[in-house]
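Each chain, written out:
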Amino acid sequence: MKALILAAGKGTRLMPLSRDCPKPMLPILDKPVLECLIEHLASQGVTQIVINTSYLAPEIENYFASGRRWGVELAFSYEGFEEDGVLHEEPLGSAGTIRRIQQHSGFFDDTFIVMCGDALLDLDLRALVAAHHQTGALATLALTRVSEDKVSQYGVAVLDDLGRIMSFQEKPKPHEALSNLVNTGVYVFEPEIIKYIPEHTPYDLGSEVFPALARDGRAIYGVEMNFNWIDIGRVADYYSVQMQAIAGELPNIPRLGKEILPNVFVGANTRFDPRRCHIEGPIVIADSVTIEDGATLIGPLFIGRGSVIERGAHLERSLVFEYTRVGAQATLSHVLASGRWCAQPDGLTIDPQKTGIAWILADSRTPRKWLNQQEQLFLEQIDDFPPVCELIENMRREPAFSRPW
Amino acid sequence: MNLINSHQQDDLTVISFNINNLDAGNADAFRKQVRPVLEESKKVAIDMSALQFVDSSGLGALLSCLRFCNENGGSLVLFGLQRTVTALFELMRMHRVFNLFTSIDEIVGALS
């Protein structure tokens, strides 16, 4: 069986996370979502996989290379061009990429699977393909049922009694939704579908190919599948999935490292003395992390590899990305933080460089510099507030200035 | 340029901004303009609602206002912070240094 994984998208709704990392490479704990998908495809007997790339393509291509490590044959189809040493993206859309791959090599010579590279799933692909063959359809979509309050996030499909899709609704309001069966972005196609896709042009499956099939009287089938499907389309989704992974609630995502205390997992080459910090699990700390004495760590919390957490820093219900230095004066509560940004789950972002607070949040690989005059002045001013110093020293959690009028 | 306005509400002096950003470019000017108001008043509330961006210099200026008030037996509170500014205050732990309110009504309610 052959498969195509769609991984060219820019992940705009995942900014700032996707600024430096393509959406499919965002890690769940330390493993990229795309790697989870490849492992799942391999476990289902899919041996030949093409991944289309465009946005930050080298991040994906260099990581997976030939795919041998995962027991599959892996190839990439880059969408764009190089000019003066710079790659320029020219994504072709979910359907345009199929056409391009087929023109290049005739790769799709039998029933094939297409899936989006930005969701975790444990779908029984063999059962889906069997259902597809049973109807003799040209296209079959894997559908799953979501609660009614969530339909507005997805494309909804309405089926007839035979399982044919009668209509689609894109992100309907809950009271307008005609069904709560949603499109999971996993498709089974026959190669014949390619004749519905024009050459050399961006083209979309959902808005262009499927309507064309319907106009031509070709049935598109939907199969309701019972499986775990975790979409990470938005920052809030990603944060929520990570919180579940840290708590050990995702069966296919084992927590890395060694469990040194109940619900506290620590990777190799990490400097951390839990007796000298305030800690409440679940916490996952990756490899080569430094946590200075006197830090407060309250779970669910993930600290990415190579990070440095300075003495007195307070971290709570947060995700710290790799190579992040968290300064002693920082309070990270319910945020996603890297050396370049600090975001809340709804996407609200602070840029530490722009805000002049790079001594609180920075890349841990950047050598620590002397504070400039302005920064020094600011810290001196903070030092003038004894309660703040006390806070930093003792990590007290009550308001420092609760004095009434 | 006048960066701030002030007016009296009950026994509170309310300072508001005529600017959207409080940063390295205007923090010193703000400090100078606000000082006479703080010298005159014991109870001061700063309306932060116009500010979309505050950097470390701006935070430093606000801290120096608070220090001045405390040293002179007065009190200073902030209200109406936009979400980005609130997020910065939380990251910097400044929300535990300042008394923060959502609105002037909340301050008046707390006073009564």
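Heads up: these notes are all about the structure in this document. (Residues numbered from 1 in each chain as written. Chains lettered and ligands numbered in written order. Predicted model: local features only at pLDDT ≥ 70, side-chain atom pairs only at ≥ 80, totals over all residues. Heavy atoms only, no water.)

### Concerning the sheet that holds strand β27 (residues 331–333) of chain A
All names here are of chain A. The 4 strands lie next to each other as β18-β21-β24-β27, forming an open sheet whose pairing is parallel. Among the strands making up the open sheet, the edge pair consists of β18 (278–280) and β27. Neighbour-to-neighbour, the strand axes of this sheet turn through a mean angle of 5°, independent of strand direction. Here strand β24 (residues 314–316) pairs with β27 via 3 bridges, running parallel. Its bridge partner being in β27, E316 is matched across the sheet by S333. (Pairing = 2+ DSSP bridges. Helix = DSSP H or I, 4+ residues; strand = E, 2+ residues; numbered from the N terminus. Axes fitted to C-alpha atoms, helices over the stretch in contact; angles between N-to-C directions.)

### A word on the nonpolar core
A:I38 and A:Y238 are the most contacted members of the largest nonpolar core, which has 66 residues in total. Residue contributions to this core peak at 7 residues, all from helix α6 (residues 235–246) of chain A. Those residues within four positions of A:Y238 in sequence are excluded, and the remaining contacts are A:L14, A:L17, A:L26, A:P27, A:I28, A:I232, A:L319, A:F321 and A:L336. Judged by nonpolar contacts, the second largest core, of 65 residues, contains A:V320, B:V54, B:A61 and B:C69. (Core = buried A, V, L, I, M, F, W, Y, C linked by side-chain atoms within 4.5 Å. Buried < 20%, exposed > 50% of the residue type's maximum accessible area, 1.4 Å probe, protein only. Contact = heavy atoms within 4.5 Å.)

### Thoughts on unusual backbone geometry
Residues and elements named next belong to chain A. Of the consecutive residues G281 and P282, the connecting peptide bond is found in the cis state with omega at 0°. For P282, the position within the fold is in the loop between β18 and β19 (283–285). Cis geometry marks the peptide bond from G299 to P300, where omega comes out at 0°. Note that P300 resides in the loop between β21 (296–298) and β22 (301–303). The backbone phi angle of A65 is positive, close to 45°, even though this residue is not glycine. Along the chain, A65 turns up in the loop between α2 (57–64) and β5 (73–78).

### Quick notes on the packing of aromatic side chains
Residues and elements named next belong to chain A. In total, this model carries 15 aromatic pairs over all chains according to the counting rule given. Between Y187 and F189, the aromatic rings sit 5.5 Å apart at their centres with planes inclined by 15°, giving stacked as the arrangement. Of the two residues, Y187 and F189, both sit in the buried class. Connected via pairs of aromatic rings, a cluster forms that spans F107, F108, F112, F168, Y187, F189 and F210. One cation-aromatic arrangement involves K2 over F107; the distance from NZ or CZ to the ring centre is 4.6 Å. (Phe/Tyr/Trp six-rings, centres within 6.5 Å; stacked < 30°, edge-to-face > 60°. Lys NZ or Arg CZ within 6 Å of the ring centre and 35° of its normal.)

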